[in-house]
Amino acid sequence: MGETNIDDVIVVGSGVSGLVTAYQLTQKKHRVRVLESAPRTGGVIASERQDGMLWESGPNSAMDTTPLINELLDSLGIRAQRADALKIADRRFIMRNGQLIPLPMSPPAFFSTPLFSAGTKLGLFREPFIARSSPETEESVAAFVRRRMGQEFLDYAIEPFVAGVFAGNPDQLSVQAAFPKLFELEQRYGGLIRGLIFGARERKRQREKSKNNAKSFSFNDGMQTLTDALTRGIASADSVVETGIRVTAIACGSEGRWTVRTARGNEEMEYHARSVVLATPTNATAELLASLKAPWVADAVQVLHSIPYAPVSVVISGWKRDAVAHPLDGFGVLVPRKEKAQILGTLFSSSMFQHRADSAHAVLTTFIGGMRQPELMAGDDGSLQAMTESGLASLVGAQGKPLWTRISRHRQAIPQYTLGHLELVRRVDAVKAHVPGLFFCASWRGGISVSDRIKNGYLTAQETGDFIRRTA
């Protein structure tokens, strides 16, 4: 079994969380080793072209919610490759009674939209006078919205939004964990409308934006531009990125030095470091914690196995533009549960950004499964393609067959921040008191979006770097 020199930090996992953490540590002059079991870095982020059309099998874009994003892009030298969403992408459609209706994004649009009844519109005037909940009481997203905005607003605004973001069920998700800014608006300002007005001033001072107002962005050659640049940046800073290598166990010695055991094919290796960051999904994190073989990991392992994930199939299709009747003049369409459709929604991917398709073609990205209908994503390629074509015919008038279809299955697509999630994370974090130098940074904690992962990568790098300096 081979042995290498000791690293400052070993990061297990090379999704956005792991790569940002590792890159930021290299910028602080720490020697880092990233270990990834897949043949490439980037996790679910992958960008490809087919017949001149750009498509994404993972996230199509990110939200520019924090100045840390441009700071990172400048550091990587890729800010010039950033592509902001076109103005047309500000429009988002909701399906109701088989029709696509733009989601109102301003008070005048809200009061004139056919998406909501007069009762729901008038109910907006009572929202500022509804008492805030007790800060100690955990509430589901659905209960929170029903209490403040009513059932129809939940059915035709929030439920499809939750399905689009988490592929989840608002009756199961915790508002404190999944949408903490909503909870904070109510607690701090007494209501959502007051919070949106007064909170905007504070965000401006902090140079941050709400996700409602933040700009979507990608890159001229797709989201993989970001993860490829992070990988290059780590490798060029006297650090190492290894792919196709599986971490089988971790151990912390009496002097605080970590041993990370790995396997590549039939070859076994050991690496040593002063700190370890687990940037891995819950199942992999649980297995590595269990390898510590200590009684105090049992609760954390059980907790990690209890966190559910939404399974999602992503069906990307390329079309002749004249085969699609809808003008595709928006970000995409979300389909509420009440519409009883087989798809969660569709992104108008080629309408969102330039350079994704020419004017004679269109790229559509359709999502199937989620917590709403988890059994559907398990279908074979033919059934998923048929569901998509049927759904697109109803949604956007797509006629005939697409030029091509690509299907990407994610059995653990999105972790679900269900009721009690924050307490579950606290119980996992309790492990760190027994083994200083162990850190967690993954989408099951701290937010699921790309911008959340960038922000948490910065925070984890800061925390890990402080530990190394304290224990030097």
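Please read these numbers as outputs of a predicted model, since none were measured by experiment.

### Notes on the packing of aromatic side chains
Alright, step 1. Evaluated as defined, the whole model comprises 12 aromatic pairs.
Alright, step 2. Each residue in the set Phe110, Phe111, Phe116, Phe125 and Phe153 is aromatic and connected to the rest through ring pairs, giving one cluster.
Alright, step 3. A cation sits over an aromatic face here: Arg82 above Phe217, 4.6 Å from the ring centre.
Alright, step 4. In this structure, Arg96 is placed above the aromatic ring of Tyr156, and the distance from its NZ or CZ to the ring centre is 4.0 Å.

### Structural notes on the packing of helix α1 (residues 16-27) against helix α2 (residues 68-76)
Alright, step 1. Here α1 crosses α2 at 65°, and the two axes come no closer than 12 Å. The hand of the α1/α2 crossing is left-handed. Note on element contacts: α2 touches α1 through Leu72, Ser75 and Leu76, opposite Val20, Tyr23, Gln24 and Gln27.

### Some points on the environment of Leu54
Alright, step 1. Counting through the fold element by element, Leu54 comes out in strand β4 (residues 53-56).
Alright, step 2. Residue classification places Leu54 among the buried residues on the basis of a relative accessible area of 2%.
Alright, step 3. Sequence separation between Leu54 and Met387 is 333 residues, and the spatial gap between their C-alpha atoms is 22 Å.
Alright, step 4. Other than its neighbours up to four places away in sequence, Leu54 contacts Ser47, Glu48, Arg49, Asn220, Asp221, Gly222, His355, Arg356 and Val363.

### Observations concerning the side chain of Arg356
Alright, step 1. Relative to the elements of secondary structure, Arg356 occurs in the loop between α13 (349-352) and β17 (361-369).
Alright, step 2. Relative accessible area serves as the criterion here: at 2%, Arg356 is assigned to the buried category.
Alright, step 3. Here the side chain of Arg356 touches Ser349 through a polar contact of 3.5 Å, landing on its backbone oxygen.
Alright, step 4. Excluding its chain neighbours within four sequence positions, the residues that come into contact with Arg356 are Gly52, Met53, Leu54, Glu56, Asn60, Ser218, Ser349, Ser350 and Val363.

### With respect to the sheet that holds strand β18 (residues 404-415)
Paired through their backbone hydrogen bonds, the strands of a sheet run either parallel or antiparallel.
Alright, step 1. The 7 strands lie next to each other as β8-β7-β15-β16-β17-β14-β18, forming an open sheet whose pairing is mixed. Two strands bound the open sheet, and with one partner strand each, they are β8 (99-102) and β18. Put simply, the sheet's adjacent strands are angled 25° from each other on average, direction ignored.
Alright, step 2. Relative to strand β16 (residues 345-347), strand β15 (residues 332-334) is paired through 3 bridges, and the arrangement is antiparallel. Bridging across to β16, Leu334 finds its partner in Gly345.

### With respect to the sheet that holds strand β9 (residues 216-219)
Alright, step 1. A sheet is described by the order of its strands in space; here 3 strands give the open sequence β5-β9-β6, paired in antiparallel fashion. Each of the sheet's edge strands pairs with one partner strand only, and the pair in question is β5 (62-63) and β6 (82-84).
Alright, step 2. Summarising the sheet, β5 and β9 pair through 2 bridges and their orientation is antiparallel. In the sheet register, Met63 faces β9, and the bridge partner there is Ser216.

Cut-offs used in this document
Residues numbered from 1 in each chain as written. Predicted model: local features only at pLDDT ≥ 70, side-chain atom pairs only at ≥ 80, totals over all residues. Heavy atoms only, no water. Phe/Tyr/Trp six-rings, centres within 6.5 Å; stacked < 30°, edge-to-face > 60°. Lys NZ or Arg CZ within 6 Å of the ring centre and 35° of its normal. Axes fitted to C-alpha atoms, helices over the stretch in contact; angles between N-to-C directions. Helix = DSSP H or I, 4+ residues; strand = E, 2+ residues; numbered from the N terminus. Left-handed = near helix turned anticlockwise from the far one by under 90°. Contact = heavy atoms within 4.5 Å. Buried < 20%, exposed > 50% of the residue type's maximum accessible area, 1.4 Å probe, protein only. Polar contact = N/O pair within 3.5 Å; in protein donor to acceptor, adjacent residues only side chain to side chain. Pairing = 2+ DSSP bridges.

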